[in-house]
Amino acid sequence: MWSGPRNISTAMMRAWGNRPDTFVIDEPFYAYYLKATGKKHAGADEVIATGETDWRKVVTQLTSPLPNGKRIFFQKQMTHHLLPEVDREWLGSVANCFLIRDPREVIASYIKKQGDPALQDLGFVQQAEIFDWVCARTDAPPPVIDARDVLENPKKTLGLLCDAVGVEFSESMLSWPPGLRETDGIWAKHWYGEVARSTTFESYRPRRDEVPKHLFETHKRCRECYDRLYEHRLR
């Protein structure tokens, strides 16, 4: 599941992680990304020290047999973590799905958490690139779901997603116990406070935040990528 930051990707991981047949992994390229870019994220040194910083080893993990007799491997992936030097061929061995969110809402949320973003920090351009890579090698566009659709009708949207990837929908995806998980990244203590308190997808609430003028061009580029994937969303 390819998503940018400030989306509902962690709640989506909760939904899949609550299925008894599913193993989940949380942002497996994060340590590699932080070491390669030098980004100063909260807890970056600890993430690098405890995570895998060789992208080739990460790919091997992501394409290996599942542990504990599970039959579904849900990979929560951040699009901006897949840096250009990472070989894309392994994407052909997994079912790629895309979680999108209105860029105006993403930018407003990002500013409140981390300050002004650069275009590459928001993941929209990378998401479109990954989407195009998959499309070029498959007969039909891969599944795309929009965060607003999930929040407004999680049962319907998750049902459509399950159908698209060939697995049976489970009611267990609609709610989960509160708290952190062993499968959460070590960064959970910095970022997952709201999700840790949740037990289901929260209802969609429209945001009234405006994009600052100095980010108009960034928003425009993100909007172009978002609109292109939005045309393919499951509905």
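All values reported here derive from a predicted model rather than from experimental measurement.

A. Fine view of the pattern of salt bridges. Following the criterion strictly, the structure yields 20 salt bridges and no others. Across the pair Lys155 and Glu171 runs a salt bridge, and its minimum N-O distance is 2.9 Å. Of the two residues, Lys155 sits in helix α9 (residues 154–165) while Glu171 sits in the loop between α9 and α10 (188–191), which places them 16 residues apart along the sequence. For Glu171, a relative accessible area of 46% gives the class partly exposed. Several salt bridges share partner residues, and in doing so they unite Arg19, Asp21 and Arg71 into one network.

B. Local environment of the packing of aromatic side chains. In the structure shown here, the tally under the stated rule is 8 aromatic pairs. Considering the side-chain rings of Tyr226 and Tyr230, the 5.5 Å spacing of their centres and the 35° angle between planes classify their relative orientation as tilted. Highlighted residues: Tyr226 and Tyr230, both in helix α12 (residues 216–230), separated by 4 residues, approximately one helical turn. The class of Tyr226 is buried, set by a relative accessible area of 7%. An aromatic cluster of at least three residues, connected via ring pairs, comprises Trp2, Phe29 and Trp90. Sitting above the plane of the Trp133 ring, Arg137 keeps its charged end 3.8 Å from the centroid.

C. Summary view of the packing of helix α5 (residues 103–114) against α12. α12 packs onto α5 with a crossing angle of 135° between their chain directions and a minimal axis gap of 9 Å. Classified by the angle between their axes, α5 and α12 sit oblique to one another. On α12, the residues touching Pro103, Arg104 and Ile107 of α5 are His219, Cys222, Arg223 and Tyr226. In the contact of α5 with α12, the residues fall into 4 nonpolar, 1 polar and 2 charged.

Reading the values: rules and limits
Residues numbered from 1 in each chain as written. Predicted model: local features only at pLDDT ≥ 70, side-chain atom pairs only at ≥ 80, totals over all residues. Heavy atoms only, no water. Salt bridge = Lys/Arg side-chain N within 4 Å of Asp/Glu carboxyl O. Helix = DSSP H or I, 4+ residues; strand = E, 2+ residues; numbered from the N terminus. Buried < 20%, exposed > 50% of the residue type's maximum accessible area, 1.4 Å probe, protein only. Phe/Tyr/Trp six-rings, centres within 6.5 Å; stacked < 30°, edge-to-face > 60°. Lys NZ or Arg CZ within 6 Å of the ring centre and 35° of its normal. Axes fitted to C-alpha atoms, helices over the stretch in contact; angles between N-to-C directions. Parallel < 35°, antiparallel > 145°, perpendicular 65-115°, else oblique. Contact = heavy atoms within 4.5 Å. Nonpolar A, V, L, I, M, F, W, Y, C, P; charged D, E, K, R; others polar.

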